[in-house]
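# A look at the structure
Given next are the chains, with one letter for each unit.
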Amino acid sequence: MNQLGLYCSRCSARLPFRYQDMKCTCGGTLLVNYDLEHLRKTLKKEALQTRYPSMWRYRELLPVSNPDCIITLGEGWTPLIRLQKWEQKLPIRQLWIKREEQNPTGSFKSRGFSVAVSLLKESGALKAAVPSNGNAAGALAAYASRAGIAASVFIPSDCPPLIAEECPLYGAETYLVDGFIHDAAAIIEAGKQEQGWVNVGTLKEPGRVEGKKTMGLELAEQMGWTFPDVIIYPTGGGSGIIGMWKAYLELKALGWIDGPMPRFVCVQEAGCQPIADGLSPDSLIFRAEAAAQASPTGMRVPQPPDLPLILSIVKQSGGTAVALTAGQIAEATQALGAQGISSSPEGSATWAGMLALCDSGWLRPTDSVVLFNTSHAMKYAKSVNFTTLATIKSYADYKSLKLKRE
Ligand SMILES: *Cc1c(COP(=O)(O)O)cnc(C)c1O
């Protein structure tokens, strides 16, 4: 067994391991505890070098005990690409992009669901449900079908249609919901007893944070066991920020890395910006109307399940939060496209946030910066801010252009 149980991220209480109900009595989120002192002696980072290029190379730091229960589709070990040309133009030292869109379900949600569904398998669960803006639904659908577990997914009706359409393809019961992701979550909570579902929503079980933790482990390994100065991450429910912060703490405890924590920057779309709002203390009110103005992406989570934890990580790390307009995000999609990178609105928001923080002087000339491209542009085609269709020409256009030239 890899894990020693759970601990509370708020009051540090220790509890035995379970895979449902991750709230401590104090209200804090419960996280998986590992025997890091023992691992420090028995696991050397050099031992990883010969392992398979997948996030399961970190299996000692993942909570699945029975290797036969690991449900994998080849997730993780995504490329980290350096953007040298832009480094010369921008007032920063290094710029990298982590290509999470190359995961098996076209988004980094594969990581969380590989672990979450493995835990379901290990526990013998037969049915699971998730509220989602799309990518979590697709990932649960894919991993559950591979595990032989029945999946039900609940998606706000304005979310990207191609992402929703992929879910029944994997065999998931797929429902569109009027409202936000928290309205979808309420439907699952109300029905879970009757339907026999395990709710695998954000912070409802330990697997998704642990799976996303591998982004941090991998980033450190790919950068030669160092962390960049700054990580810019498109934040929704926050499990990625929580996971990468946990990766930092565990690597530190293992003695595999040294130095300060990276500064975590959360980017969101203006309107739905609970993290930026939370950092300026007097505006912590949920404004449904403003949130409805934001595009339906993975960042549109007006009420993250543990906002205080996200805020404390951002503050502790010396990070910040930036809210970007839909226009800035659309321009960023083009800027990344011009470098050969297909980026979803969320991934594009990290580029837009980086530019904004260069302009404001928050990023420094000595900083190395890593952007997380969490999904493909393709999955968002025919939905939010997809403007390039208008620029595509027909064969007749080509012929008439050719005639004019001749
Ligand atoms: C879910 C999602 C996010 C938000 O990630 P969290 O870790 O839940 O904050 C960002 N980008 C994409 C593409 C997503 O699907």
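Only a predicted model underlies this, so the values are computations on that prediction, with no experimental measurement involved.

As a further point, take the side chain of threonine 105. With respect to the helices and strands, threonine 105 occurs in the loop between strand E5 (94–99) and helix H3 (109–123). A polar side-chain atom of threonine 105 sits 2.7 Å from a polar atom in the side chain of serine 110. Among residues more than four places away in sequence, those in contact with threonine 105 are Ser110, Gly138, Ala139, Ala142, Tyr143, Tyr170 and Lys379.

Counting across every chain of the model gives 17 salt bridges. Measuring nitrogen to oxygen at the nearest pair gives 2.8 Å for the salt bridge that ties arginine 82 to glutamate 87. Judged by relative accessible area, which is 30%, arginine 82 ranks as partly exposed. Arginine 99 serves as the salt-bridge partner of glutamate 101, at 2.5 Å between the closest nitrogen and oxygen. In terms of burial, glutamate 101 and arginine 99 fall into one category: buried. Salt bridges sharing common partners tie together Lys98, Glu100, Arg111 and Glu218.

If you trace the backbone, leucine 6 turns up in strand E1 (residues 3–8). As a C-alpha pair, leucine 6 and serine 280 span 274 residues in sequence and 31 Å in three-dimensional space. The residues contacting leucine 6, other than those within four sequence positions of it, are Ala13, Arg14, Leu15, Pro16, Phe17, Arg18, Met22, Leu30, Leu31, Val32 and Asn33.

Parameters and conventions
- Residues numbered from 1 in each chain as written.
- Predicted model: local features only at pLDDT ≥ 70, side-chain atom pairs only at ≥ 80, totals over all residues.
- Heavy atoms only, no water.
- Helix = DSSP H or I, 4+ residues; strand = E, 2+ residues; numbered from the N terminus.
- Polar contact = N/O pair within 3.5 Å; in protein donor to acceptor, adjacent residues only side chain to side chain.
- Contact = heavy atoms within 4.5 Å.
- Salt bridge = Lys/Arg side-chain N within 4 Å of Asp/Glu carboxyl O.
- Buried < 20%, exposed > 50% of the residue type's maximum accessible area, 1.4 Å probe, protein only.

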